[in-house]
Amino acid sequence: MITVKNLSKTYGSFRAVDDVSFTCRPGAVTGFLGPNGAGKSTTMRIIAGLTLPDAGEAHVSGVRYSDVPNPGTQIGVLLDASAQHAGRSGREILTIGALTMGLPMSRVDEMLELVSLTPEESKRKVRNYSLGMRQRLGIAHALLGDPKILMLDEPANGLDPAGIHWMRSLLREYANRGGTVLLSSHLLHEVQIIADELIVIGNGKIVAQGTKDELLASAGTFVRATDPSALASALTSAGISATPSGEGGLRTDATPEQVGAAALQGQVALVELRAAEGAGLEELFLELTASTQREAVTPEGANA
Ligand SMILES: Nc1ncnc2c1ncn2[C@@H]1O[C@H](COP(=O)(O)OP(=O)(O)O)[C@@H](O)[C@H]1O
Ligand SMILES: [Mg+2]
């Protein structure tokens, strides 16, 4: 369990994290979603005890990270896959981790195998690793101490499609076994696929949180026809009001059944008819992204 209560962090006069509260429960993947510069990494650094908050508190299994005995065996953390000693090999980094945590050396080979780093790759220096390989090594490092909690900051960055698929299955199985997962992303689609719970952050503030099902709850119907004006008048005749949607179709609050019946009545051939799932979340996220896009690019924001 990760518990964050009324967390705030200010840099000079800039509020990077503003009164953030949430909980991540065991058995679920919690997606921490927000555009670049929203405050995700800062929040995670505070949870990991690397940044001190100005107000509020963050607890891991009920205590502050700094008070967790042998933390690597309780919470696996991957904040920045490139923050490893570049002159060491992947195997050396895992070996040092295992020694620090007092683990058997057999864990090193188990983890290398789990993340599919070959024996040859594991002997290469990390400076010669691709970002995807660094992410795999970082995930191996986070899982080394067999922790019950995982916290990963943008773990999908740099992974190829097969790697992303692999990571999703890994995290899903981990959560299904009762693990707690907090993972951040700046891509809605990315977290939408994997998360059970979502926390959406923008400009340091939580703007939405809940289960994925709640947040993606059906938001009416999306419909598209080859003849949009015929479709619009068919809907109007049936007393259904609709608004143009970005994808070249129409959105309405009516059900797909009602829209289909109206189209049949007006003899309009449809090319698409479906529940407009998650449109609310997508719009919210686009608004957040657009509003942060206008701000100056910060060093962190550039590769966050
Ligand atoms: N050490 C720091 N000094 C000044 N500003 C910082 C520092 N760390 C983060 N920030 C700023 O706080 C904001 C949130 O950053 P961050 O938590 O990295 O966002 P995210 O991970 O969501 O992209 C950004 O505008 C960033 O530039
Ligand atoms: Mg970040």
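Residues numbered from 1 in each chain as written. Chains lettered and ligands numbered in written order. Predicted model: local features only at pLDDT ≥ 70, side-chain atom pairs only at ≥ 80, totals over all residues. Heavy atoms only, no water.

### Observations regarding the confidence of the model for the chain
The share of residues in the chain with pLDDT of 70 or more is 93%, and the mean pLDDT across the chain is 90. Contacts for the low-pLDDT stretch residues 296–304, under 50 throughout, to residues beyond four places or in other chains number seven contacts. (pLDDT = per-residue confidence, 0-100. Contact = heavy atoms within 4.5 Å.)

### Here we look at the sheet that holds strand β13 (residues 270–275)
Read across the open sheet, the four strands follow the order β11-β12-β10-β13; overall the sheet is antiparallel. Strands with a single pairing partner mark the edges of an open sheet, and in this sheet they are β11 (242–245) and β13. Strand-to-strand twist across the sheet, computed as the mean angle between neighbouring axes with direction ignored, equals 25°. Pairing geometry for β11 and strand β12 (residues 249–252), over four bridges, is antiparallel. Considered in β12, the bridge of P244 is made with L250. (Pairing = 2+ DSSP bridges. Helix = DSSP H or I, 4+ residues; strand = E, 2+ residues; numbered from the N terminus. Axes fitted to C-alpha atoms, helices over the stretch in contact; angles between N-to-C directions.)

### Brief notes about the side chain of T180
The residue T180 is located in strand β7 (residues 180–185) in this model. Ignoring any residue separated from it by four or fewer positions in sequence, one finds T180 in contact with M1, I2, C24, R25, P26, G27, A28, K148, I149, L150 and Y174.

### Overview of the nonpolar core
Considering soluble globular proteins, one finds that nonpolar side chains tend to be buried as a cluster. In this structure, L94, I139, L171 and L183 are the most contacted members of the largest nonpolar core, which totals 48 residues. Examining the composition of this core, we find that seven residues originate from one element, helix α6 (residues 161–176), more than from any other. Excluding residues that lie within four positions of it along the chain, L171 makes contacts with V29, L150, L152, V181, L183 and I194. Membership of the second largest hydrophobic core comes to 23 residues, among which are F22, L79, M151 and L182. (Core = buried A, V, L, I, M, F, W, Y, C linked by side-chain atoms within 4.5 Å. Buried < 20%, exposed > 50% of the residue type's maximum accessible area, 1.4 Å probe, protein only.)

### Some remarks on the pairing of strand β9 (residues 205–211)
By the bridge criterion, six bridges tie strand β8 (residues 197–202) to β9 in an arrangement that is antiparallel. Of the residues in β9, the one forming a bridge with G202 is K205. Joining the antiparallel neighbours β8 and β9 is a turn of two residues, in which N203 adopts a positive phi near 50°.

### Quick notes on helix α5 (residues 131–143)
Residues that lie three or four places apart on an α-helix share one face, since the helix turns once every 3.6 residues. Taking 1.5 Å of rise per residue, the 13 residues of α5 would be expected to cover 18 Å, and the 18 Å separating its terminal C-alpha atoms lies within 8% of that figure. For α5, the buried fraction is high: eleven of the 13 residues fall into the buried class. What α5 keeps buried is the set G132, M133, R134, Q135, R136, L137, G138, I139, A140, A142 and L143. Those residues of α5 hidden inside the fold are in contact with β5 (75–78), α2 (90–101), α3 (106–114), α4 (119–122), β6 (149–152) and α6. (Expected span 1.5 Å × (residues − 1).)

### Things to note about the packing of α5 against α6
At a minimum axis separation of 12 Å, α5 and α6 run at an interaxial angle of 15°. With respect to α6, the element α5 is oriented roughly parallel. For the pair α5 and α6, the sense of crossing is left-handed. Mapping the contact onto sequence places R136, I139 and L143 in α5 and G163, W166, M167, L170 and Y174 in α6. In the contact of α5 with α6, the residues fall into six nonpolar, one polar and one charged. (Parallel < 35°, antiparallel > 145°, perpendicular 65-115°, else oblique. Left-handed = near helix turned anticlockwise from the far one by under 90°. Nonpolar A, V, L, I, M, F, W, Y, C, P; charged D, E, K, R; others polar.)

### Here's the deal with the pattern of salt bridges
Considering all chains together, one arrives at twelve salt bridges under this definition. A salt bridge links D18 to K205; the nearest nitrogen and oxygen atoms lie 3.1 Å apart. One end of the pair, D18, is in strand β2 (residues 14–24); the other, K205, is in strand β9, and 187 residues separate them in sequence. One salt bridge connects R25 with E197, and the closest N-O pair in it is separated by 3.0 Å. You can see R25 sitting in the loop between β2 and β3 (29–33) and its partner E197 sitting in strand β8, a full 172 residues away along the chain. Looking at R25, the relative accessible area reads 40%, which means it is partly exposed. The exposure class assigned to E197 is buried, which follows from its relative accessible area of 18%. Overlapping salt bridges bring together R15, D18 and K205 as one network. (Salt bridge = Lys/Arg side-chain N within 4 Å of Asp/Glu carboxyl O.)

### Describing the packing of α2 against α3
Working note: a packed helix pair is described by the angle between its axes plus the distance between those axes. Two elements in contact, α2 and α3, have axes whose closest approach is 9 Å; the angle formed by their N-to-C orientations is 135°. When the interaxial angle is binned, α2 and α3 end up oblique. In the packing of α2 onto α3, the handedness of the crossing is right-handed. Judged by residue contacts, R91, L94, T95 and A98 of α2 engage V108, D109, M111 and L112 from α3. For the contact of α2 with α3, the residue count by class is five nonpolar, one polar and two charged.

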